[in-house]
Amino acid sequence: MPIKKQMMLSSKKMVNVIDNLGNSQFSEAFLQLLNSVVRVEHFSLVQLGEKEARFITSANIKGIDIPKSLQKMYLTHYFKKDPNIQLLVKAKKNDKVLFSRLIPEDIEDLSYQHFFDYDIKIVDRLSFSKGSDRGLYCINLYRFSKKYSSAEIEKITNVSNFLMSCAIKHTRLAGGLSDFLTREAQINELEQRLHAINNKLTTRELGVCARALLGLSSEGIGLDLGIKITSVQTYRKRAYAKLNISSQNELFGLCLKN
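Residue positions are given per chain, counting from 1 as you read along its sequence in written order. Where totals are concerned, whole chains, interfaces and linings use all residues; where local detail is concerned, this predicted model gives features only for residues with pLDDT of at least 70, and gives and counts side-chain atom pairs only at 80 or more. Hydrogens and waters are ignored; side-chain quantities use all the structure's heavy atoms.

Trainee: Can you help me understand the pattern of salt bridges in this one?
Mentor: Side chains that differ in charge, positive against negative, can pair when their charged atoms come close. By salt bridge we mean one thing: a side-chain nitrogen of Lys or Arg within 4 Å of a carboxyl oxygen of Asp or Glu. If you walk through the whole model with that rule in mind, you get 10 salt bridges. In this structure, the salt-bridge partner of Asp124 is Arg101, at a minimum N-O distance of 2.7 Å. With a gap of 23 residues between them, Asp124 in strand 4 (residues 124-132) and Arg101 in strand 3 (residues 98-102) connect regions that are remote in the sequence. A salt bridge links Arg211 to Glu191; the shortest N-O distance between them is 3.8 Å. Remark: Glu191 occurs in helix 8 (residues 183-197) and Arg211 occurs in helix 9 (residues 203-213); sequence separation between them is 20 residues. For Arg211, a relative accessible area of 11% translates into the label buried. Strands are runs of DSSP state E lasting at least 2 residues, helices are runs of H or I lasting at least 4, and numbering of each runs from the N terminus. Each residue is placed in one exposure class: buried if its accessible area under a 1.4 Å probe, protein chains only, is under 20% of its type's maximum, exposed if it is over 50%, and partly exposed if it falls in between.

Structure below.
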């Protein structure tokens, strides 16, 4: 879709998104930014691969509730029937943000159409995709009330490069999710496991190590906890000493054994 002119984003909401890159408040900040351009009732950020789909984050406006069981069905099964999966090959040859749209009547696979239309009751979905980090990042923007107009599609397309840059940066800072648990739930589970291994670890040491196990960089851990990178390194060093290990690989191994 041709871009006639660059749509101006709300500077306040842009700053809020940037300030929350890598932490748990990103999804709400991102949703607010989206809705400053067009009405988006639910958004999800996923990464598609040939054999798996990885959930990164999502958020919805008040009054919209998609059961996690349905979202998990998409991640474990229906992603293979999603037309976006066909963009994997194209994305490898193109470093631009790709646009696609999906409405129920355009879905050829009957089981996926039923899932899309009757189970989740989606009226319209806009997707912006880009190949990176050995997969396809997809920002999916959903409507359950009425379809997007041509003018709305043009508005959101005009800012898709910024949106995608933020989405990818957030993912790299926040680390990966191993399943469809929220990051907060996984952090809590890992902290409990680490505490069971050594109950002398402090709250901050537990927090740093749990986030490291999720794949967060030192920068991402610092942003999430609101501390300096040097502090992250200090807490990690102290925790490793208490656990009698010297590397992150040993930390992974320790948790796997326990």
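The structure having been displayed, the exposition proceeds.
Trainee: Is there a simple way to explain the packing of helix 9 against helix 10 (residues 218-225) in this structure?
Mentor: The axes of two packed helices give the description: the angle between them and the distance between them. Remark: helix 9 packs on helix 10, axes separated minimally by 10 Å, with the N-to-C direction vectors making an angle of 135°. Taken together, the axis directions place helix 9 and helix 10 in an arrangement best described as oblique. Our pair here, helix 9 against helix 10, has a crossing hand that is right-handed. Side by side, helix 9 and helix 10 meet where Arg204, Gly207, Val208, Arg211 and Ala212 of the first sit next to Ile221, Asp224 and Leu225 of the second. Under this scheme, a helix contributes an axis fitted over its contacting stretch, all axes are lines through C-alpha atoms, and angles between N-to-C directions fall in the 0 to 180 degree range. In this scheme, roughly parallel covers angles under 35 degrees and roughly antiparallel covers those over 145, while 65 to 115 is roughly perpendicular and the rest are oblique. Note on convention: the crossing is left-handed when the near helix lies turned anticlockwise from the far helix by less than a right angle, right-handed when the turn is clockwise. Residue contacts are defined here by distance: any two heavy atoms, one from each residue, within 4.5 Å place the two residues in contact.

Trainee: Explain helix 3 (residues 68-76) to me, please; I cannot follow it from the model alone.
Mentor: Within an α-helix, residues lying three or four positions from one another point in the same direction, as the helix has 3.6 residues per turn. The set of residues buried in helix 3 consists of Leu70, Gln71, Tyr74 and Leu75. Viewed along the axis of helix 3, the buried residues span an arc of 145°, placing them on a single side of the element. In this structure, the buried residues of helix 3 make contact with strand 1 (42-48), strand 2 (53-60) and helix 5 (110-119). Each C-beta atom gives one direction from the helix axis, and the arc is the one those directions make.

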